Amino acid sequence: MDISSYKPKGRIEHKHLLNLLDYSTTDIYEILHLAESLKAAQHKGKKHKLLKDKTLAMIFAKSSTRTRVSFETGITQLGGKALFLSSSDIQLGRGETIHDTALVLSRYGIDGVMIRTFKQSDVEELAKYGSFSVINGLTDDFHPCQALADIMTVAETFGKLEGIKLSYFGDGNNMAHSLMLAGAKTGMKICICSPKGYEPNPEIVEAAKKFGDVTVTDSVEEAATDADVLYTDVFFSMGQDKDPKKEKALMPYQVNADVLAKAKKTAVFMHCLPAHRGEEVTEDVIDSPRSVIFEQAENRLHAQKAVMCLLMGKK
Ligand code: CP
Ligand code: NVA
């Protein structure tokens, strides 16, 4: 069943959003439907204080513009409060364990923790020991909130998800992983186009293939042909050092006018942002009318509000 014919029930059976591996197709549809109705309410100026007096702590061990602002604004619009905790300001940054941090935050009645960090295992440990809902705001392996906002944008653009070919060009990183999972579970055709040596994690590729249509190729021609969406991300993710060898390998995977010309006439360009114009994408493509990057950025707000309501609204 495609998202357009799904009738939402208003609930999912999850406490956390750690990655999308354990989320079903209908869990994802629930999030996207609620996100659309929260978006409509916000655009009409209708109050929607569904998380009145709930508290979301936001732990950041890496920089952020979109994630920080959209989570803080989102919980505020829902009637709750956000606590911004930079890991360099809290004791976690001086070696206090995730275990102890989880138990301490649990004593303060925190309802949810959004965490952006390096190791996926830290996010999982926080969920294991805390009493609150944990939301992954990006790790080295996954960026589920971005992928949810992205497929929401795809559904808005094309009126459906089923059969839409999304081709991702570049580093087989956290974005590639989360797009594979979100796309495969919702009937999209996901093609990851990476140079040799920079492919996505083969275990995650195998997992995603079990849920749907996922291919990995090093051929730009193959990926771009018949694509509905051309997606790319930075050459160097947060925490990675610049490396001329990697830059040289990724440059032929740049999304430019030639690549766009090979895709469908109706194809759109997507990027999670922040972008490096002239590296992974050319200025003419990212700033063209085919680019939906700011729709994606806006949908972070609505998708995450839906996630917070479905996870934190139960207690
Ligand atoms: N796309 C994204 O997560 O952006 P930030 O790093 O600015 O949060
Ligand atoms: N792959 C990028 C995504 C940023 C939103 C990074 O991890 O830095």
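Residues numbered from 1 in each chain as written. Chains lettered and ligands numbered in written order. Predicted model: local features only at pLDDT ≥ 70, side-chain atom pairs only at ≥ 80, totals over all residues. Heavy atoms only, no water.

S.K.: Even after reading the chapter, I still don't get the site of ligand 1, so can you show me in this structure?
M.R.: Lining the immediate surroundings of ligand 1 are Ser64, Thr65, Arg66, Thr67, Arg116, His143, Gln146, Cys272, Leu273 and Arg300. Burial of ligand 1 by the surrounding chains reaches 96%, relative to a free accessible area of 250 Å². Classifying every residue of the shell around ligand 1 by side-chain character gives two nonpolar, five polar and three charged. (Near = heavy atom within 4 Å. Areas by Shrake-Rupley, 256 points an atom, 1.4 Å probe, with all protein chains shown as cover. Nonpolar A, V, L, I, M, F, W, Y, C, P; charged D, E, K, R; others polar.)

S.K.: Would you mind showing me how to read the environment of valine 216 here?
M.R.: With respect to the helices, strands and loops of the structure, valine 216 is situated in strand 7 (residues 213–217). Linking valine 216 and glycine 112, residues 104 residues apart in sequence, is a C-alpha distance of 35 Å. (Helix = DSSP H or I, 4+ residues; strand = E, 2+ residues; numbered from the N terminus.)

S.K.: What am I meant to see in the site of ligand 2 here?
M.R.: The immediate surroundings of ligand 2 are formed by Leu138, His143, Asn173, Asn174, Asp233, Val234, Ser237, Met238 and Leu273. Side-chain polar atom of serine 237 to a nitrogen atom of ligand 2: 2.7 Å apart, as the coordinates give it. About the coverage of ligand 2: the protein hides 95% of its 270 Å² of free accessible area. (Polar contact = N/O pair within 3.5 Å; in protein donor to acceptor, adjacent residues only side chain to side chain.)

S.K.: I keep staring at the nonpolar core and nothing clicks. Help me out?
M.R.: Within soluble globular proteins, side chains that are nonpolar generally end up buried alongside one another. By size, the foremost hydrophobic cluster in this structure holds 62 residues, and its most contacted members are Leu17, Ile135, Leu166 and Met308. In terms of nonpolar packing, the next biggest core, distinct from the first, is built from 21 residues, Cys193, Val220, Val255 and Leu273 among them. (Core = buried A, V, L, I, M, F, W, Y, C linked by side-chain atoms within 4.5 Å. Buried < 20%, exposed > 50% of the residue type's maximum accessible area, 1.4 Å probe, protein only.)

S.K.: Please explain the sheet that holds strand 4 (residues 133–136) as it appears in this structure.
M.R.: Picture the strands of a sheet paired through backbone hydrogen bonds; they go either parallel or antiparallel. Within the open sheet, the four strands sit side by side as 2-1-3-4. Their pairing is parallel. Unpaired on one side and paired on the other, strand 2 (81–86) and strand 4 mark the two borders of the sheet. Averaged over neighbouring strand pairs, the angle between their axes works out to 20° when direction is ignored. Sheet topology places strand 3 (residues 112–116) next to strand 4; four bridges connect them, and they run parallel. (Pairing = 2+ DSSP bridges. Axes fitted to C-alpha atoms, helices over the stretch in contact; angles between N-to-C directions.)

S.K.: Teacher, can you tell me more about the sheet that holds strand 8 (residues 229–232) here?
M.R.: The five strands are arranged 7-6-5-8-9 in an open sheet whose pairing can be described as parallel. Only two strands of the sheet have a single neighbouring strand rather than two, namely strand 7 and strand 9 (268–271). Taking the axes of each pair of neighbouring strands and ignoring which way they run, one obtains an average angle of 20° across the sheet. Sheet topology places strand 5 (residues 165–169) next to strand 6 (residues 189–193); five bridges connect them, and they run parallel. Paired with serine 167 across the strands is cysteine 191, a residue of strand 6.

S.K.: Help me out: how do you make sense of helix 3 (residues 98–107) in this one?
M.R.: Each turn of an α-helix holds 3.6 residues, which means side chains three or four residues apart point in the same direction. Within the sequence span of helix 3, burial applies to Ile98, Thr101, Ala102, Leu105 and Ser106. One side of helix 3 holds all its buried residues, which, seen down the axis, span an arc of 135°. Against strand 1 (55–60), strand 3 and helix 4 (120–129) lie the buried residues of helix 3. The first or second residue beyond helix 3 is glycine 109, which carries a positive phi of 75°. (Arc of directions from axis to C-beta. Contact = heavy atoms within 4.5 Å.)

S.K.: When you look at the side chain of aspartate 122 in this model, what are you seeing that I'm missing?
M.R.: Along the chain, the position of aspartate 122 falls in helix 4. One buried charged side chain, aspartate 122, makes no salt bridge at all; its nearest oppositely charged neighbour is lysine 119, positioned 4.1 Å away. Setting aside its immediate chain neighbours within four residues, aspartate 122 contacts Ile98 and Thr117. (Lys, Arg positive; Asp, Glu negative; His and termini not counted. Salt bridge = Lys/Arg side-chain N within 4 Å of Asp/Glu carboxyl O.)

Remember that the coordinates give geometry; whether it matters functionally is a separate question.
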